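# Descriptive analysis of the structure
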Amino acid sequence: MRLVPWCEPFSPAIGLEDSPAPECLLLDVTGAVSLFHGETELVEHVVREFRRHGVIVRAALADTIGAAWAAAHYATDEPHGARRPGIVLPPGHGLAGLASLPVEALRLTPETVRLLRELGLTQIGQLAALARNSLATRFGPELLRRLDQAAGKAAEVIVVQPQPPAAKADWTFEQPTDRQELLEGTLDRLVENLVGQLADSRRGVQQLECRIRGQTTSRTQFTVGLFRPSASPRRLSELIKLQLESQTLVEPTAALELSVTSAAPVEQWQQELFDVGASRDDPRALALLIDRLSNRLGREAVARVRLLPEAQPEFAWRYEPAIGASARKSSSTPSSPQRRSPRQRSSSSTALPPALRRLAAMARPLRLLARPVLLSAVSVAPNGPPLAFSWQGAERRIARTWGPERIQTGWWRGQSALRDYYRVETAEGQWFWLFRQLSLRRWFLHGVFE
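Reading the values: rules and limits
Residues numbered from 1 in each chain as written. Predicted model: local features only at pLDDT ≥ 70, side-chain atom pairs only at ≥ 80, totals over all residues. Heavy atoms only, no water. Buried < 20%, exposed > 50% of the residue type's maximum accessible area, 1.4 Å probe, protein only. Helix = DSSP H or I, 4+ residues; strand = E, 2+ residues; numbered from the N terminus. Contact = heavy atoms within 4.5 Å. Salt bridge = Lys/Arg side-chain N within 4 Å of Asp/Glu carboxyl O. Pairing = 2+ DSSP bridges. Axes fitted to C-alpha atoms, helices over the stretch in contact; angles between N-to-C directions. Polar contact = N/O pair within 3.5 Å; in protein donor to acceptor, adjacent residues only side chain to side chain. Phe/Tyr/Trp six-rings, centres within 6.5 Å; stacked < 30°, edge-to-face > 60°. Lys NZ or Arg CZ within 6 Å of the ring centre and 35° of its normal. 1 Å grid on protein atoms, 1.4 Å probe; cavity = no way out; pocket = protein on both sides within 12 Å on 5 of 7 lines; lining within 4 Å. Points joined across faces, edges and corners; volume = space filled by probe spheres on them. Nonpolar A, V, L, I, M, F, W, Y, C, P; charged D, E, K, R; others polar. Parallel < 35°, antiparallel > 145°, perpendicular 65-115°, else oblique. Left-handed = near helix turned anticlockwise from the far one by under 90°.

### So, helix 7 (residues 141–151)
Along helix 7, 8 of the 11 residues are buried, which leaves the element largely enclosed by surrounding structure. Within helix 7, the full set of buried residues consists of Glu-142, Leu-143, Leu-144, Arg-146, Leu-147, Asp-148, Gln-149 and Ala-150. Where helix 7 is buried, its residues contact helix 3 (65–74), helix 4 (110–118), helix 5 (124–128) and helix 6 (132–139). Just downstream of helix 7 lies Gly-152, where phi reads positive at about 85°.

Here it is in structure tokens:
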């Protein structure tokens, strides 16, 4: 498990293979490929990261855990038989991409492998060509299960291993106390201890948990999250005390414990010599404000907008807490492993080049109306672009149009959307985003370019 932190930049879900003596790490990289500009680049980056730490590994990326395991252990660079450090199997390969690999690549028991070889079945392709009924009769359910897992026909999950805290500090009082100044002074010392533990790696606290044990059985637990990682004991203590003010301690405190559940490198900033030239847009001041508000009012009260991969514009965003996911309830058991089923990966060939992504972004307005506004518009052809429209009591003649961009989606919501969008420029030089609702044959204004 000491190798798991090296994988954290590549995946939020990291687990060990299901084996009595595990030797493989499993990573769910769904959605992470675009961050590394492709699947091959991601695999090469993983190999380089381990090599930087002095560890030689083989990495494979595939649609399923079984296929990735098989490729990492047995795939070679034909025709020379060399073993490449990084392998990427194309999406949707099924068992065809594993046909030439030995049957050992299916993670079968030694007894099953021995029996298969005695019968002359040495490659996965030979097994895939046989009738399933005969395989089940001769070799039992294990062989079919492994074949289906490798092909993606049977589910297989990654058991996410609980990670130890990045730093931990605790204190037990000789006598339980309810003195506020003593509790706060002890918390200050514990925070300094945590910051000292992270100092060598130049990391700061992103999220920490505070546990307060009462004199008998009462326990209080809360989470402190930060917008940016911090290594300032004063700032961390202030945020803990803000949360502590909202807690009700029903009995004297017997013990305190602080655990850093998320740490990240701390950004280094040049100190200003004079305050005269200090910028009002200082990101540190913004982060401090978000931290204070979130920990006083609750994480859900301070939110930011996150864009979603959704074609229908009004559903292409959502609010999320500015400092991350909601705090776990005190009844949760962070030591228990989580099970995560990898989703089907998408091919990197479908990603738009940077130039096209910039053009697509320019085609959408920054400001959308809360609801599309029904317009009175004129067009020459029934399905042609608009020539003029009325809005806010004024006639607006259109000088130029771009489009249409057809959006058809939403059938799973019970009401589909079938729209043709146009980016239009009026004679006065204003830009608008209009669409024709094809099912109603009516025009709507959805956004304004500013």
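### Re the pattern of salt bridges
Under the defined criterion, the tally for this structure stands at 16 salt bridges. Across the salt bridge formed by Arg-107 and Glu-156, the nearest N and O atoms sit 2.9 Å from each other. With Arg-107 in the loop between strand 4 (86–88) and helix 4 and Glu-156 in the loop between helix 7 and strand 5 (158–160), this pair connects stretches of sequence that are 49 residues apart. One exposure class covers both Arg-107 and Glu-156, and it is buried.

### Structural notes on the sheet that holds strand 15 (residues 394–409)
Ordered in space as 13-14-15-16-17-18, the 6 strands form a closed barrel in which the pairing is antiparallel. If you compare each strand with its neighbour and ignore which way they point, the axes differ by 45° on average.

### Brief notes about the environment of Pro-385
Along the chain, Pro-385 turns up in the loop between strand 13 (367–379) and strand 14 (386–391). Along the chain, Pro-385 and Leu-434 lie 49 residues apart, while their C-alpha atoms are 9.7 Å from each other. When residues no more than four places from it in sequence are discounted, the contact partners of Pro-385 are Ser-379, Val-380, Thr-401, Tyr-422 and Trp-443.

### Here we look at the side chain of Gln-312
Structurally, the position occupied by Gln-312 is in the loop between strand 10 (303–307) and strand 11 (317–321). By relative accessible area, which is 6% here, Gln-312 ends up buried. A distance of 3.0 Å separates a polar atom in the side chain of Gln-312 from a polar atom in the side chain of Glu-314.

### Section: the sheet that holds strand 7 (residues 203–214)
Strand order in the open sheet formed by 4 strands is 6-9-7-8, with antiparallel pairing between adjacent strands. The sheet is open, and its two borders are formed by strand 6 (167–177) and strand 8 (219–230), each paired with just one other strand. Geometrically, the sheet is characterised by an average inter-axis angle of 15° between neighbouring strands, direction not taken into account. Where helix 9 (residues 233–245) meets the sheet, its contacts fall on strand 7, strand 8 and strand 9 (253–265), and the angle it forms with strand 8 comes to roughly 140°.

### So, the packing of aromatic side chains
Inspection of the entire model under this criterion finds 12 aromatic pairs. Centre to centre, the rings of Tyr-422 and Trp-443 are 5.7 Å apart; their planes meet at 50°, and the pair counts as tilted. With a gap of 21 residues between them, Tyr-422 in strand 16 (residues 417–426) and Trp-443 in strand 18 (residues 442–449) connect regions that are remote in the sequence. Neither residue differs from the other here; Tyr-422 and Trp-443 are each classed as buried. Among the aromatic side chains, those forming a connected cluster through ring pairs are Tyr-421, Trp-433, Phe-435 and Phe-444. The ring of Trp-171 has Arg-189 sitting right over it, with the charged end atom 5.8 Å from the ring centre. Seen from the ring of Phe-435, Arg-419 lies directly overhead, with NZ or CZ sitting 4.5 Å from the centre.

### Description of empty space enclosed by the protein
The probe, sized like a water molecule, is rolled over the atoms to show the empty space still left. Scanning the entire structure with this criterion turns up 1 cavity of 30 Å³ or more. Empty space within the largest cavity amounts to approximately 50 Å³. Forming the boundary of the largest cavity are Ile-212, Arg-213, Gly-214, Ser-218, Arg-219, Thr-220, Thr-248, Leu-249, Val-250, Glu-251 and Thr-253. Looking at the lining of the largest cavity, the elements with two or more residues in it are strand 7 and strand 8. Among the elements that make up the lining of the largest cavity, the one with the highest residue count is strand 7 (3 residues). Grouping the constituent residues of the lining of the largest cavity by class yields 3 nonpolar, 5 polar and 3 charged.

### Describing the packing of helix 8 (residues 180–199) against helix 9
As a packed pair, helix 8 and helix 9 sit with axes 9 Å apart at the nearest point and diverge in direction by 135°. Between helix 8 and helix 9, the angle falls in the class oblique. For the element pair helix 8 and helix 9, the recorded crossing hand is right-handed. Judged by residue contacts, Gln-180, Glu-184, Leu-187, Asp-188, Val-191, Glu-192 and Val-195 of helix 8 engage Pro-233, Leu-236, Ser-237, Ile-240, Lys-241 and Leu-244 from helix 9. Among the residues forming the contact of helix 8 with helix 9, the class breakdown is 7 nonpolar, 2 polar and 4 charged.

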